[in-house]
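# Tertiary structure, described
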Amino acid sequence: MLKIEKNKNIKAYTTLQLSARAEFFAILKSKEDLQEAIVWSKKNKKPLFILGGGSNVLISQTVKGLTLKNEIKGIKVVEKNKDYILVEAKSGELWGDFVDWSVRHNWHGLENLSLIYGTVGAAPMQNIGAYGVEIKDSFYHLHAIDLKSGQERIFSGPDCHFAYRESIFKNKLKGKYFIYAVTFKLQKMATLQLDYGAIRAHLLERGIKKPSLKNVSATIKIIRTEKLPNPVKMPNAGSFFKNLEISTIKFKALQKKYPDMPSWPISKTKVKIPAAWLIETAGFKGKKFGAVGMHKNQALVLINYRRASARQVLNLVKKIKQTVKKSFGLDLHEEVNII
Ligand code: EPU
């Protein structure tokens, strides 16, 4: 039986910890709870809003309708053979716990995505990625439930339209489906992805020449802990902005003025530019503006230092976007979902 609360303070359910309320609120523990919520939403003519780990949202106003905190859990192996394993995780599982579980079993695919906050259900929403790996690389399919009809549908990888921090669930199907369970294809044997940034250097520093899967996961946890602030101690929502994909022509013109601007080619005509570099070069890294500011070790992470309001956060976001536009002629886009 779904317990629906009215005018609920949901600050503690988001990692940015901004003061926020939900008109109605309930915790989901099962598929039946969700079906009950769908019936309630129809009967009361109120929309549904799904909250996962709350690590990628900025709630700037009272959330209308019924906010559902997803705590539907469970992990099961659905198929196993000599090469691979199909594993299904329910969407309310914490992503980090699920990755640790796969690493403990020595199954390859998710190790580079260790210590990312949020839930399994939110992971395909924005095709989470880190250290050269994205979830689309080991994604098999997902079960989603239509928030209007309550009907279940399976989405394959191509159905999800995955791209850099994007999927169909953030675009065409935004707010239409509840992701119920995600199945991954994990490999028994695989080449470890060590080429991104400082992974290899960190392993060698610890005297590890032939790393195991567990070594890679542990190293990534060390690197992330050094760079990224713990949201429990310093409320934040991870990378606040997306990295930029710009044309090679535009990049070459910018490079004349900024010869040390980092970049990665992504195709013959496009390059990726780290938003962190633009924000740092524009002078925001480690700077505080009242209760908010950008982190001293990673300029892409916006911190709520002491009980900031959504307005204060949005003012800083506006200031950063304007300065970057003025200095480089480039538009930053938020990675965080602003509600
Ligand atoms: N950089 C700076 N200043 C900084 C930090 C970085 O100039 O303060 C430049 C450096 O040139 C560095 C480059 O940015 O080489 C890339 O930095 P980093 O490897 O730290 O990664 P990122 O591009 O800033 C992305 C993801 C992170 C993910 C890391 C590692 C996005 C928006 N962010 O950050 O994901 O952990 O790569 O793979 O793509 C998240 O999405 O919440 C997140 C933390």
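Up top you'll find the structure we're talking about.
In this text, all values refer to a predicted model and were calculated from it rather than measured experimentally. (Residues numbered from 1 in each chain as written. Predicted model: local features only at pLDDT ≥ 70, side-chain atom pairs only at ≥ 80, totals over all residues. Heavy atoms only, no water.)

## Observations concerning the overall build of the protein chain
Keep this limit in mind: Helix and strand definitions here come from DSSP, where helices need a minimum of 4 consecutive H or I residues and strands a minimum of 2 consecutive E residues; each element is numbered from the N-terminal end. Just to be clear, the radius of gyration here is over C-alpha atoms, and the globule rule we use is 2.2 Å times residues to the power 0.38. For the exposure calls, accessible area comes from a 1.4 Å probe over protein chains only, and a residue counts as buried if that area is under 20% of its type's maximum, exposed if over 50%, partly exposed in between. Accessible surface area values rest on a Shrake-Rupley calculation with a 1.4 Å probe, where residue burial reflects the displayed protein chains alone. Charge assignment: positive for Lys and Arg, negative for Asp and Glu; neither His nor the chain ends contribute. Note that the charge is assigned to NZ on lysines, CZ on arginines, CG on aspartates and CD on glutamates.
Looking only at helices and strands, the protein chain features nine helices and 20 strands. Taking 339 residues into account, the globule formula puts the C-alpha radius of gyration at 20 Å, and the protein chain, at 21 Å, falls close to it. The C-alpha extent of the protein chain, read off along each of the three principal axes, is 60 × 55 × 40 Å. Counting over 339 residues, the protein chain shows a buried share of 51%. Put simply, the protein chain shows about 17,000 Å² of open surface, and 52% of that area lies on carbon and sulfur atoms. In the protein chain, which carries 58 positive and 28 negative side-chain charges, the distance between the mean positions of the two groups comes to 6 Å.

## Let's talk about the site of the ligand
For clarity, the threshold we go by: Nearness is defined per residue: one heavy atom within 4 Å of the molecule or strand is enough. Here a polar contact means two N or O atoms within 3.5 Å. Within protein one must be a hydrogen donor candidate and the other an acceptor candidate, and residues neighboring in sequence count only if both atoms are side-chain atoms. Gly falls in the polar group here, along with every residue not listed as nonpolar (Ala, Val, Leu, Ile, Met, Phe, Trp, Tyr, Cys, Pro) or charged (Asp, Glu, Lys, Arg). Residue ranges for the domains originate in an automatic or database domain assignment.
Around the ligand, 23 residues are found, and the nearest of them are Tyr131, Tyr164, Asn243, Glu280 and Glu335. Here an oxygen atom of the ligand and a side-chain polar atom of Arg165 are 2.9 Å apart. Contact with the protein chains removes 82% of the 820 Å² of surface that the ligand exposes when unbound. Going through the elements one at a time, helix H6 (213-227), strand S13 (236-239) and helix H8 (275-281) are the ones with two or more residues in the shell around the ligand. When residues in the shell around the ligand are grouped by element, the largest group, three residues, is from H8. Each residue belonging to the shell around the ligand can be placed in one class, and the counts come to twelve nonpolar, four polar and seven charged. When residues are assigned to domains, the shell around the ligand turns out to be shared by domain 2 (75-187) and domain 3 (236-338), each giving three or more.

## Comments concerning the packing of aromatic side chains
Stated precisely, the cut-off is as follows: Here a pair means two rings of Phe, Tyr or Trp (six-membered ring of Trp) with centres within 6.5 Å. Their orientation is stacked below 30 degrees between planes, edge-to-face above 60, and tilted elsewhere. Charge-over-ring contacts are defined here by two conditions on Lys NZ or Arg CZ: a distance within 6 Å of the ring centre and an angle within 35 degrees of the ring normal.
Inspection of the entire model under this criterion finds 16 aromatic pairs. Ring plane angle 65° and centroid distance 5.7 Å describe the contact between Trp95 and Phe184, whose orientation is recorded as edge-to-face. With a gap of 89 residues between them, Trp95 in helix H2 (residues 95-104) and Phe184 in strand S12 (residues 177-187) connect regions that are remote in the sequence. Here the two residues Trp95 and Phe184 agree in accessibility, since each one is buried. Taken together, a centroid distance of 5.4 Å and an interplanar angle of 85° make the contact between Tyr131 and Tyr196 edge-to-face. In this pair, Tyr131 is assigned in the loop between strand S8 (129-130) and strand S9 (133-134) and Tyr196 in the loop between S12 and helix H5 (199-205), connecting sequence segments 65 residues apart. On the basis of relative accessibility, which here comes to 40%, the residue Tyr196 falls in the partly exposed class. Chaining the aromatic ring pairs together yields one cluster made of Trp95, Phe98, Trp101, Trp107 and Phe184. Here Lys185 stacks its cationic end above the ring of Tyr84, 4.3 Å away from the centre of that ring.

By themselves, these observations are geometric and do not establish any function.
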